[in-house]
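# Coordinates in review
Single-letter residue listing:
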Amino acid sequence: MDAKDIPENFKEFTAQHKEKVYSKILENLPNLEPKEYKDIVRVYIDRKGQYRRPAYVLLGSLLYGGTVEEALFPAAVQQLTEDYFLIHDDIMDKNDVRRGAPAAHILYGIEKAILGGDTVHAISWHLAFKASNMLGGSRGKRYLDKFADIMFTTHNGQYYDLTLGSPSKDISNFTLEEYYQSIHAKSAYYSIYGPLQCGAIVANQPDEVLEAIKEYAAPAGLAFQIKDDILDCTSTKEVLGKSIGTDIQSSTKTLILWHAVQNASPSVLNKMRSIYSKPSGSKSEEEVKWVIDKFNELGSIAYAESEAKRLINESISKFDKLTEAIPESNIKRLARDALGAAAIREK
């Protein structure tokens, strides 16, 4: 990729390659019948997400001397995993909107949506094997092992999230350690540093480089999820393309909630505890709004913003230290911007 073709920022880089990745997905979809089954499987694929995760794969390859062309297959795999995860995630979170339209389970029912998600999952593994074969030899094996580890860890992280989100888990009894363990497993690896590592494997980099990527990109991955938690309280359905207040509705324990619990008066804490103890999906709009208002009054959203910023600064500082051997270039500048983009976004 010529230096003149490298865009100014990560958002433009993502847009530049989005259609290439989408086309690679379409080229490798199986023939599905009947039409409704095909529609279910493709509902999120064809709506297209932000394509950040595949962009991190491509960027990881370029940063460490690889090419976009060789990284396209792994990038397509990364996007398909997002499309699969979200179908199931929307069911678990009772989210009725995804990418600006009704969620899959709202359109087709829970049973068919689960089946559609399972099918996308199967397709992602098929493409992962194709990517492994294309890379060949030890590169192919290392890529497939890395992809499997990302998948296992993300599912484990979703378990942590569901456990923390249980209404029976008192909001006063969860710790920062539990929160960070959950978001590291369910989001930081799969969203930021795992894709970058996949790209580095495409570029045939050793395990030492993969460890360095984890060291500098994991904080940005944590910031990514914290920003998600913030947007769930501050954005709109129109901007975000999905339901707002779902973390409160599903009793998810977030950094914002942790801060609020530490700073709320006994009466506010008791009411908050009462709301969070209700089953997922049973809180009223008024209750969700009341909780968000208290988050603002207590400075909890501002606290989360400051933590996300701190983590991004940590990530970029570590990046500069751990990539000293890589000469300054437009690609390195873009990688730096990509780390910051984890928390500087509107959706």
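It should be noted that the structure appears before, not after, this text.
Each value, and the rule that gives it
Residues numbered from 1 in each chain as written. Predicted model: local features only at pLDDT ≥ 70, side-chain atom pairs only at ≥ 80, totals over all residues. Heavy atoms only, no water. Helix = DSSP H or I, 4+ residues; strand = E, 2+ residues; numbered from the N terminus. Contact = heavy atoms within 4.5 Å. Polar contact = N/O pair within 3.5 Å; in protein donor to acceptor, adjacent residues only side chain to side chain. Expected span 1.5 Å × (residues − 1). Buried < 20%, exposed > 50% of the residue type's maximum accessible area, 1.4 Å probe, protein only. Salt bridge = Lys/Arg side-chain N within 4 Å of Asp/Glu carboxyl O.

What follows concerns the environment of K94. Of note, K94 is situated in the loop between α4 (68–93) and β1 (97–98). In sequence terms K94 and T246 are 152 residues apart; their C-alpha atoms lie 7.5 Å from each other.

Before going further, it helps to examine the environment of R47. Mapping R47 onto the fold places it in helix α2 (residues 35–47). For the pair R47 and S187, spaced 140 residues apart in the sequence, the C-alpha separation amounts to 21 Å. Ignoring any residue separated from it by four or fewer positions in sequence, one finds R47 in contact with R98, R99, A101, P102 and L107. In this structure the side chain of R47 is engaged in a polar contact, spanning 2.7 Å, whose partner is the backbone oxygen of P102.

Take helix α14 (residues 285–297) next. Look at α14: 18 Å from first C-alpha to last across 13 residues, which is about the 18 Å you get at 1.5 Å a residue. Within the sequence span of α14, burial applies to E287, V288, W290, V291, I292, K294 and F295. On its buried side, α14 packs onto α9 (207–234), α11 (246–249), α12 (255–263), α13 (266–276) and α15 (300–322). Directly beyond the C-terminal end of α14, a positive phi value near 75 degrees is found at G299.

Throughout the structure, instances matching the rule amount to 26 salt bridges. Across the salt bridge formed by R139 and E70, the nearest N and O atoms sit 3.1 Å from each other. Residue R139 is located in helix α7 (residues 137–164), and its partner E70 is located in helix α4; the two are separated by 69 residues in the primary sequence. Judged by its relative accessible area of 15%, R139 falls in the buried class. Residue classification places E70 among the partly exposed residues on the basis of a relative accessible area of 29%. Between R310 and E307 there is a salt bridge, and its shortest N-O distance comes to 3.0 Å. Residue R310 and its partner E307 are both found in helix α15; the two are separated by 3 residues, about one turn of the helix. Several salt bridges converge on common partners, so that one network encompasses E215, E307, R310, E314 and K318.

Interpretation note: all reported values are geometric properties and have no functional meaning in isolation.
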